[in-house]
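# Structural description and commentary
Chain by chain, the residues:
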Amino acid sequence: MEEKQYAKAHKLLLSNRRTGTISGVTDVISFDIAEILLETEQGMLTIKGADLHVNRLEKGEVDIEGRIDSMAYSEVTDFHKAGASILGRLFK
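Quick caveat, the model's predicted, so the values are computed rather than measured.

Okay, the confidence of the model for the chain next. Chain-level statistics for the chain give a pLDDT mean of 83 and a share of 75% at 70 or above. Between residues 84-90, whose pLDDT stays under 50, and residues either more than four places distant or in other chains, the model counts 0 contacts.

Next comes the structure, spelled out in structure tokens:
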């Protein structure tokens, strides 16, 4: 399997499942109290939990807080393909 080379560093620091700092964020796709979706240097990052808040967003860093239940990465290309197919189905 071939490793991808990434331009910038990506770091995720989680403390007690309540607060976190994420660097290497290129875009905040969406967020609400149950889910935060970020595009990072390493792929799409989905954070699920309860009472989630984005406290700070600057220079590629995001601070979050709330009860964090799960974090999962996926490829950016997978996300864009899924989005296109959903839109395609809506506007048929």
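Here the focus is the pattern of salt bridges. Applying the stated rule across the entire model yields 6 salt bridges. The partner of D69 in a salt bridge is R17, with the nearest N and O atoms 2.9 Å apart. Note that D69 is positioned in strand 6 (residues 61-74) and R17 in the loop between strand 1 (11-15) and strand 2 (19-23), a separation of 52 residues in sequence. Here E61 ties to R56 by a salt bridge, and the two come within 2.7 Å at their closest N and O atoms. Given a relative accessible area of 25%, R56 falls into the partly exposed group. In the salt-bridge network here, residues are joined through shared partners; they are R56, E58, E61 and D63.

With that settled, consider the pairing of strand 3 (residues 25-31). As judged from the 5 bridges shared by strand 3 and strand 4 (residues 35-40), these two strands associate in the antiparallel manner. Bridging across to strand 4, V28 finds its partner in L38. Two successive antiparallel strands, strand 3 and strand 4, enclose a turn made up of 3 residues.

You can see T40 is positioned in strand 4. Relative accessible area serves as the criterion here: at 4%, T40 is assigned to the buried category. At 3.1 Å, the side chain of T40 and the backbone nitrogen of Q42 are in polar contact. Those residues in contact with T40, other than ones at most four positions away along the chain, are H10, G24, V25, T26, L45 and Y73.

On to a nonpolar patch on the surface. Together, L12, L14 and Y73 give the surface a local cluster of nonpolar side chains, amounting to about 240 Å² of exposed area. Along the chain, the position of L14 falls in strand 1. Taking the relative accessible area as the measure of exposure, L14 reaches 34% and is therefore partly exposed.

Conventions and cut-offs
Residues numbered from 1 in each chain as written. Predicted model: local features only at pLDDT ≥ 70, side-chain atom pairs only at ≥ 80, totals over all residues. Heavy atoms only, no water. pLDDT = per-residue confidence, 0-100. Contact = heavy atoms within 4.5 Å. Salt bridge = Lys/Arg side-chain N within 4 Å of Asp/Glu carboxyl O. Helix = DSSP H or I, 4+ residues; strand = E, 2+ residues; numbered from the N terminus. Buried < 20%, exposed > 50% of the residue type's maximum accessible area, 1.4 Å probe, protein only. Pairing = 2+ DSSP bridges. Polar contact = N/O pair within 3.5 Å; in protein donor to acceptor, adjacent residues only side chain to side chain. Patch = residues over 30% accessible without salt bridge, like charges linked within 9 Å, V, L, I, M, F, W, Y side chains within 5 Å. Areas by Shrake-Rupley, 256 points an atom, 1.4 Å probe, with all protein chains shown as cover.

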